[in-house]
Amino acid sequence: MKDSVTDFLPLSPATLHILLSLAAEDLHGYAIMQEVARQSEGKYKLGPGTLYDNLQKMIQHKFVQELGRRPGDDDPRRRYYRLTSLGRGVLAAETDRLGEVVREARLRLQTAKPRRA
Amino acid sequence: MLRSLYRRLLDLHPPGFRHRFADEMLSIFDQAREKRAAAGLLVDALVSLVRQWTLRPEFWQDVSPAPTTQAATNGIPTFHTIDPFRPRTAAVIHGLVLSTAVFCLTCFAIRYSWIHVLHVRIPEVPWESSQSTQPNPGSVATPTFEEPGAITQQNPIVQDSPAPTSAASSRLSQASVDARPAVEVARRPKHRLVSKSAQTSDLPSNALRPQDQTGIAQLEPAQAGPQAATVASATVPVTSADLKLDPAERQRAINGAIANLTKYYIDPDVAKKMADALLAHERNGDDDAATDGKVFADLLTRQMRDVSHDKYVVMVYTAIPMPENPPTPTPEEIARYRREMAEDRCTFETVKILPHNVGYLKLNAFPDASICQRTAAAAMASVNSADAIIFDLRDNPGGYANMVALIATYLFDRPTHLNDFYNRGENSTEQSWTMPPVPGNRLADKPVFVLTSPSTFSAAEAFSYDLKMLKRATLVGETTSGRGHMGMGHRIDDHFTIRIPGVKVINPISKTNWEGRGVEPDVKVNVADALATAEKLAETELQHKK
């Protein structure tokens, strides 16, 4: 892959949440939606249209790999998706970036407090 | 109801998206238990529909279906279809620009090519700077083979020439009509801008206008019929009879004639003979009786001819004093010449394709290429696809060397040396070459036949002789007239002018020319049979080629 993972940053919230939901295990679309809702404690709800639109782009960028259906699933229409190594790299890079943002933000917030005092 | 609506919305999605995700989205819809949630999914599907059709053109096309049959089992290799590919916008624009450019270039190439195939295009030849012979105002050699006819024959010496065809004289411009017998009027290339040549005289002796104008009235009867020569010669003395010559005037004329002969006549030895003869006659008192200008001029002419046997050495007397500066062609004269050429198709009397695809051109002069270049090019283009060419020069009295070179250009695939023009007075030589090959011309390797007759004269003889020497043409007909020198008038004083052949054509191959002898044809047949003979020869040669 000639593109560096940093070329994809920053990620949109939907992309970030989907990558994050797939980080632990392979999931189907509905499970991804539920996982995103769980991660955000119900504050970020992903509709199927947005989900599959993002999945489509992520498959194209090879962040995510489509695995197909699993026999014996409750609903045979479900397809499973897996994070690729690129997707994992992108997620890690985004996490680092966000970590820097958070660290920087905390630093700024801490240094601002005394002035108010 | 909501489900079918949702399904309909999914069906409206682009095929690429629908085939891949519609089932899963419907599956999710089916999981929604509450109506409120279902309504939210409907709104989501609507937004998705708009988004997919407006923002995701790359997914409009149906792509390979997902690997539905493949189990997503860990450890088992999976197979992927090729990802849908959409080129970058910049690449699309580049491709568009490039395609347009290639298309335009191809169109131009085709058009350019067709011009070459369909039209023989004569380049705008810079005659003034070309290597070939051109009308050069500074040179006496190049403009025409036959110099201004207006002073050629004031006397009736040429009565031994072929029978006159005075019809030709009626077409002459006023400027070119002179007091010569109709014989010479007819023989001189009528398609010539006379005063243009006159301006090339290296001496201010070529002042013909007054003579021309007086001569016109005298020549009126001459133009009416074959008896003109006699009539004209009889009328001239009437004009000049009033003026009596004194010994000083005679002496001045003789001295002037000798000086000019010595300087300009093409053969120095013959010039000396003529000079000696003139002096001897003077010493003997042979000239003393001649008090009439015309009679005296004829006498001197005869004295010179007796020793030189050159009928083109002529002493001319004009009753009205001639200006020292030669006249230049007026715009009206040039326009008249152009008009005459346009009316006469530049003397290309016939241009056609004969049976067996033999091109035939009957050319009745070699007009000035600077005026007739397009017509000549069109004529040659119209026979470009012929398998052989016949040039009919049987009625061609000559003309301009530049037209000789222009037409010969079509017969060679490289610039070819045709002739040298040696100018005795200037002791200079000017070369005549064909032009660089004409693009699209196909005649360079085709058999050429030239029809000749005793009327083929001057530049027409040069054309025939050059092609014969270069072994480029077969000459068919009778021996030509035999005019390989060019004369020029030299003013002696107000009343006397001497016309002296001062320029000689020298062929680079034979190192000589056809002066006096004429150009002998390769195939000698009667003039009347020349065309039929040439056609047969062409047919035979073409059959041999096949």
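Just above sits the structure.
Residues numbered from 1 in each chain as written. Chains lettered and ligands numbered in written order. Predicted model: local features only at pLDDT ≥ 70, side-chain atom pairs only at ≥ 80, totals over all residues.

S.K.: Sorry if this is basic, but what is going on with the sheet that holds strand S11 (residues 523-524) of chain B here?
M.R.: In sheet architecture, strand pairing relies on hydrogen bonds along the backbone and comes in two forms, parallel and antiparallel. All names here are of chain B. A sheet is described by the order of its strands in space; here six strands give the open sequence S2-S3-S4-S7-S8-S11, paired in mixed fashion. At either margin of the open sheet sits one strand with a lone partner, and together these are strand S2 (348-354) and S11. Examined bridge by bridge, strand S8 (residues 474-477) and S11 share two bridges and lie parallel to one another. Paired with Val476 across the two strands is Val523, which belongs to S11. (Pairing = 2+ DSSP bridges. Helix = DSSP H or I, 4+ residues; strand = E, 2+ residues; numbered from the N terminus.)

S.K.: Would you explain the interface of chain A and chain B in this entry?
M.R.: It is common to give the size of an interface as the accessible area that goes away when the parts come together. Taken residue by residue, the interface counts 23 residues in chain A and 23 residues in chain B. Mapped by element, the contributors of at least two residues to the side of chain A that touches chain B are helix H2 (29-39), helix H3 (48-60) and strand S2 (64-68) of chain A. Ranked by residues supplied to the side of chain A that touches chain B, first place goes to H3 of chain A with seven residues. Taken together, the residues of the side of chain A that touches chain B break down into seven nonpolar, seven polar and nine charged. (Contact = placed C-beta atoms within 7 Å. Nonpolar A, V, L, I, M, F, W, Y, C, P; charged D, E, K, R; others polar.)

S.K.: What is the right way to look at the pairing of S2 of chain A in this model?
M.R.: The side chains of a regular strand alternate between the sheet's two faces. Residues and elements named next belong to chain A. Burial analysis of S2 places four of its five residues in the buried class, which makes it a mostly covered element. Alignment of S2 against strand S3 (residues 80-83), held across four bridges, turns out to be antiparallel. Paired with Glu66 across the bridge in S3 is Tyr81. (Buried ≥ 20, exposed ≤ 12 C-beta atoms within 10 Å, placed from the backbone.)

S.K.: Can you walk me through the packing of helix H9 (residues 247-264) of chain B against helix H10 (residues 268-284) of chain B in this structure?
M.R.: When two helices pack together, their arrangement is given by the angle between their axes and by how far apart the axes lie. All names here are of chain B. Relative orientation of the contacting elements H9 and H10 amounts to 165°, with a least axis distance of 9 Å. Taken together, the axis directions place H9 and H10 in an arrangement best described as roughly antiparallel. Considering only the axes of H9 and H10, their crossing is left-handed. Contacts between H9 and H10 involve Ile254, Ala257, Ile258, Leu261 and Thr262 from the former and Ala271, Met274, Ala275, Leu278 and Glu282 from the latter. (Axes fitted to C-alpha atoms, helices over the stretch in contact; angles between N-to-C directions. Parallel < 35°, antiparallel > 145°, perpendicular 65-115°, else oblique. Left-handed = near helix turned anticlockwise from the far one by under 90°.)

S.K.: Please explain the sheet that holds strand S1 (residues 27-28) of chain A as it appears in this structure.
M.R.: Residues and elements named next belong to chain A. The strand order across the open sheet built from three strands is S1-S3-S2, with neighbouring strands paired in antiparallel fashion. The open sheet is flanked by S1 and S2, the only strands paired with a single partner. Pairing of S1 with S3 involves two bridges; the strand directions are antiparallel. Across the sheet, residue His28 finds its bridge partner in S3, namely Tyr80.

Treat this as a map of the structure, not an account of what it does.
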